[in-house]
Amino acid sequence: MSTRTVYRHVAHTIRHAPEGGITYEAFCVTAGCDAESGPHDEQVAAQDWALRHTGRTGHDLFRRVFTHHAKATRAE
Ligand SMILES: [Zn+2]
């Protein structure tokens, strides 16, 4: 007696999903510092974090990441 699992391929398409919003993050890239803003819904929140971090530490270079979302839907 053997069992068999069948995976049926279903075609999907993927596209930008505005409803997912955009996430803004900033990462300090000064050597030895791994501070990061964490994800924010507002760009100004990540910027404010960076400015406060510079004020506290003098670190002045950041990697900024803007993330949008994508949705996969079944193609029929
Ligand atoms: Zn830093």
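Described in the following lines is the structure provided in the data block. (Residues numbered from 1 in each chain as written. Predicted model: local features only at pLDDT ≥ 70, side-chain atom pairs only at ≥ 80, totals over all residues. Heavy atoms only, no water.)

## Quick look at the overall build of the protein chain
Phase 1 of the analysis: The helix and strand inventory of the protein chain stands at 1 helix and 4 strands.
Phase 2 of the analysis: For the protein chain, the succession of helices and strands along the chain, N to C, is β-β-α-β-β.
Phase 3 of the analysis: For the protein chain, whose C-alpha radius of gyration is 21 Å, the value lies well above the compact-globule estimate of 11 Å for 76 residues.
Phase 4 of the analysis: Burial status across the protein chain gives 21% buried among its 76 residues.
Phase 5 of the analysis: On the protein chain, roughly 6200 Å² of surface is accessible, and the fraction owed to carbon and sulfur atoms is 52%.
Phase 6 of the analysis: Seen as two clouds, the 9 positive and the 9 negative side-chain charges of the protein chain have centres 12 Å apart. (Helix = DSSP H or I, 4+ residues; strand = E, 2+ residues; numbered from the N terminus. Rg over C-alpha atoms; globule rule 2.2 N^0.38 Å. Buried < 20%, exposed > 50% of the residue type's maximum accessible area, 1.4 Å probe, protein only. Areas by Shrake-Rupley, 256 points an atom, 1.4 Å probe, with all protein chains shown as cover. Lys, Arg positive; Asp, Glu negative; His and termini not counted. Charge placed at Lys NZ, Arg CZ, Asp CG, Glu CD.)

## Digging into the coordination of the zinc ion
In an ideal octahedron of six donors the angles at the metal are 90 or 180 degrees, and in an ideal tetrahedron of four donors they are 109.5 degrees.
Phase 1 of the analysis: Donor atoms from the polypeptide that coordinate the zinc ion comprise Cys-28 (SG), Cys-33 (SG), His-53 (NE2) and His-59 (ND1), at 2.0 to 2.3 Å from the metal.
Phase 2 of the analysis: Sequence positions of the donors to the zinc ion reduce to the motif C-x4-C-x19-H-x5-H. Taken together, the positions of Cys-33 in the loop between strand 2 (23-28) and helix 1 (43-57) and His-53 in helix 1 put the pair 20 residues apart, joining distant regions of the chain. In terms of burial, Cys-33 and His-53 fall into one category: buried. (Donors = N, O, S within 2.8 Å, 3.2 Å for Na, K, Ca; no water.)

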